[in-house]
Structures are given as C-alpha cells and as structure tokens.
Amino acid sequence: MFFHPKRGYRVLHAVPVLVVLAMFLMEYISFNFVYIKTLVEEGSKLTAAFACIVFHVLFLLAICSYWQCVRTDPGGVPVSWAEHQVNPTTKGEEESEEHLLLPGDNRYEVTLEIEQSVAAPPAHPRFCKKCRCPKPERAHHCSSCDRCILRMDHHCPWVGNCVGFSNHKFFLLFLLYALLACAFISACLGPLFLADLNPKTTHTSAAVGAVMLVSLVISLSVAIALFGFLWFHIYLITSNRTTIEMQGVRRNPYTTKSWRKNVEQVFGQNAWSWLLPVQVVNNSCDGIHFTNTLLM
C-alpha cells in the first residue's frame, strides 16, 4: 500500500486494509461492551478480568503483526546488486553482458524451463522485462506493486502489500494471532448468544443481540478460513517454499533438510523473538543468495 509508485493505486489498496481494521474495531467493541459487560453485570468479575486480559493480549499481538505486515517493505531488489550484475567490478563489460540472462537468449529460455520444472536456481541472474533490470533467484515481479519482490510469496490485497522476504514473518504471525483471537471470541460469545436465544435467560436487547450475532459469525468464519491458510503457510515455512514455488514444482532445491534452519530464514536465528512482531535480527539469509541443496 505504501510502496506503489502511483498514488491512485495506493488509495485503492488501502480499501481492503480499512475493511480489516473495521472488523478489528467491531470485534473489539462487541467483546468488551457486550461479553465483558454481561459478565460484570452477572457478578462474574474474576472471569471477566481473565477473559479481558487474554483477549487484549491476543488482540494487541494480532493488530501489531498486521500493521507490521502492512507497513514493512517486503523487500525490493537492491540497486547496488542489480548494478553489480550489469557492471561487475571484477569483470569486463563484454563478460558481464555474457553472464546476464536477457529475454530472447537461449540460456534465458532454458533457465525458465528448469525453474518451472524443478525450481532450480539459475546459473546466471535473470532479467525482469518489466523492471528492465536483473533480479535474484526466488524474486518475482508483482504487477500490483509494479516492482520485483525478494523471495516473493504472493500479493495479499487484505494487507495492501506483497508478502515477501522482509515481512513474511509478520504475515504468519498475523494469521496465528488473528486465528487465536477469533477462536477465543467465538468460544466466549457462542454460549452467551445461545443462552440469549432462550426467552427465560435473555439479558440483552434486540440491538445488542444483533451485534453479538454479527460478531460471532465474523469471528467464527474468519477462524475457520485462517486455520487452513495458517496450516498451509506453516508447511511452506518449514519446507522453505513459497506459494509461487508450489505451482507446478516437483522438487525443492532450497530446503536445508532441517525445519529449524528453514524457519530461521524467515524468522531469524533468535528463537525468543519468533512469536513477537518485531523486526528479524540475525537472519541467516539475505533474500538474494540461497543454497542449492540439489547440488550438494
């Protein structure tokens, strides 16, 4: 959303983000001013305090992870790297042109064929026809962001941003904490709503009941959708793949054969910060160079 060169596209990409923030706000209001208020009025203050603490911890982690995913640059191709591929300091101009893969070159077509079949990293830098510059392995051009993204996973309209090398961690944490928050809200509001359907135990007005119903439907639907999505991305992270690389690829040359080392390429080497929406430190990968385990 913040990184598209055209202002009109940035405004357009902000619409889904505002929708998600509105859903956050609605869930927050319904939980605190319906569920917590009902518990307090019924005298269950201890239960209300416990539920309030758990909810606010999950809510804060979810919205912080979401905002980090929205505002963090997913990772563009460094200009210094691209310039070095065209004019390397250790090679002559003729040799540099020979080692750069350009559209129309037979080696370029062979490289594409290899990448599509086994996802093998190219022997020479690839060339992006839209950006008109070299791009590293696992980098792809995003038409929505209008640039190449390092280790691109996919473009997510709900965060108004690409999910790439620098913000994949925040995207996964958002899925995790949003799922937990929605599941917790559903577990709390569900029994209250069912009890409210009984005329003998009704304690809320029709308007409050309607708000409770809408909040329950949203939280339950989102929790179910996020569960499958989160499970899929956990598999991608632990096997060192991306969504793009799952399309028609039979072999994975990037896995390190260790799920922990695969995770460290996204979450960093400090395991204590894995579950916190903070910037990755001590990353074992730079988003440009990757080890090809098929050649080892």
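Residues numbered from 1 in each chain as written. Predicted model: local features only at pLDDT ≥ 70, side-chain atom pairs only at ≥ 80, totals over all residues. Heavy atoms only, no water.

A. Spatial organisation of the overall build of the protein chain. For the protein chain, the helix and strand inventory stands at 8 helices and 6 strands. Secondary structure elements of the protein chain, listed N to C terminal, follow the sequence α-α-α-α-α-β-β-β-β-β-β-α-α-α. Within the protein chain, the proportion of its 296 residues that are buried is 47%. Relative to all contacts within the protein chain whose residues are 6 or more apart in sequence, the contacts with residues 24 or more apart total 62%. A total accessible area of about 15,700 Å² is found for the protein chain, and carbon and sulfur atoms account for 65% of it. (Helix = DSSP H or I, 4+ residues; strand = E, 2+ residues; numbered from the N terminus. Buried < 20%, exposed > 50% of the residue type's maximum accessible area, 1.4 Å probe, protein only. Contact = heavy atoms within 4.5 Å. Areas by Shrake-Rupley, 256 points an atom, 1.4 Å probe, with all protein chains shown as cover.)

B. Up close: the packing of helix α6 (residues 168–197) against helix α7 (residues 206–238). One way to put it is that α6 packs onto α7 with a least axis distance of 7 Å and a crossing angle of 145°. In the packing of α6 onto α7, the handedness of the crossing is left-handed. When grouped by side-chain class, the residues that make up the contact of α6 with α7 number 24 nonpolar, 7 polar and 1 charged. (Axes fitted to C-alpha atoms, helices over the stretch in contact; angles between N-to-C directions. Left-handed = near helix turned anticlockwise from the far one by under 90°. Nonpolar A, V, L, I, M, F, W, Y, C, P; charged D, E, K, R; others polar.)

C. Geometry of unusual backbone geometry. Unusually for a residue other than glycine, R151 sits at a positive phi of about 45°. Locating R151 in the fold gives a position in the loop between β4 (147–149) and β5 (154–156). Classification of R151 by relative accessible area gives buried; the value is 1%. Even without glycine at this site, K257 takes up a positive phi of about 70°. Relative to the helices and strands, K257 resides in the loop between α7 and α8 (259–267).

D. View of the packing of aromatic side chains. Under the definition given, this model contains 13 aromatic pairs. With a centroid separation of 5.7 Å and 85° between ring planes, the pair formed by F24 and F59 is classed as edge-to-face. Pair noted here: F24 is in helix α1 (residues 7–41) and F59 is in helix α2 (residues 45–71), with a separation of 35 residues, a long-range link. Exposure class is identical for F24 and F59. Each is buried. Relative to F55, the ring of F31 lies with its centre 4.3 Å away and its plane at 15°, an arrangement referred to as stacked. Placement of the pair is F31 in helix α1 and F55 in helix α2, with a sequence separation of 24 residues. With relative accessibility at 0%, the residue F31 sits in the buried group. In this structure F55 comes out as buried when scored by relative accessible area, which is 1%. Here a set of aromatic residues connected by ring pairs shows up, and it is made of F24, Y28, F31, Y35, F55, F59, Y66, F174 and F184. Taking the ring centre of F290 as reference, the NZ or CZ of R138 above it sits at 4.7 Å. (Phe/Tyr/Trp six-rings, centres within 6.5 Å; stacked < 30°, edge-to-face > 60°. Lys NZ or Arg CZ within 6 Å of the ring centre and 35° of its normal.)

E. Region of the structure containing the confidence of the model for the protein chain. When pLDDT is averaged along the protein chain, the result is 81, and 79% of the positions lie at 70 or above. Taking the mean pLDDT of every element in the protein chain, the minimum, 39, falls on helix α4 (residues 93–99) and the maximum, 95, on α2. Throughout residues 89–121 the model reports pLDDT below 50, and contacts reaching past four residues in sequence, or to other chains, amount to 57 contacts. (pLDDT = per-residue confidence, 0-100.)

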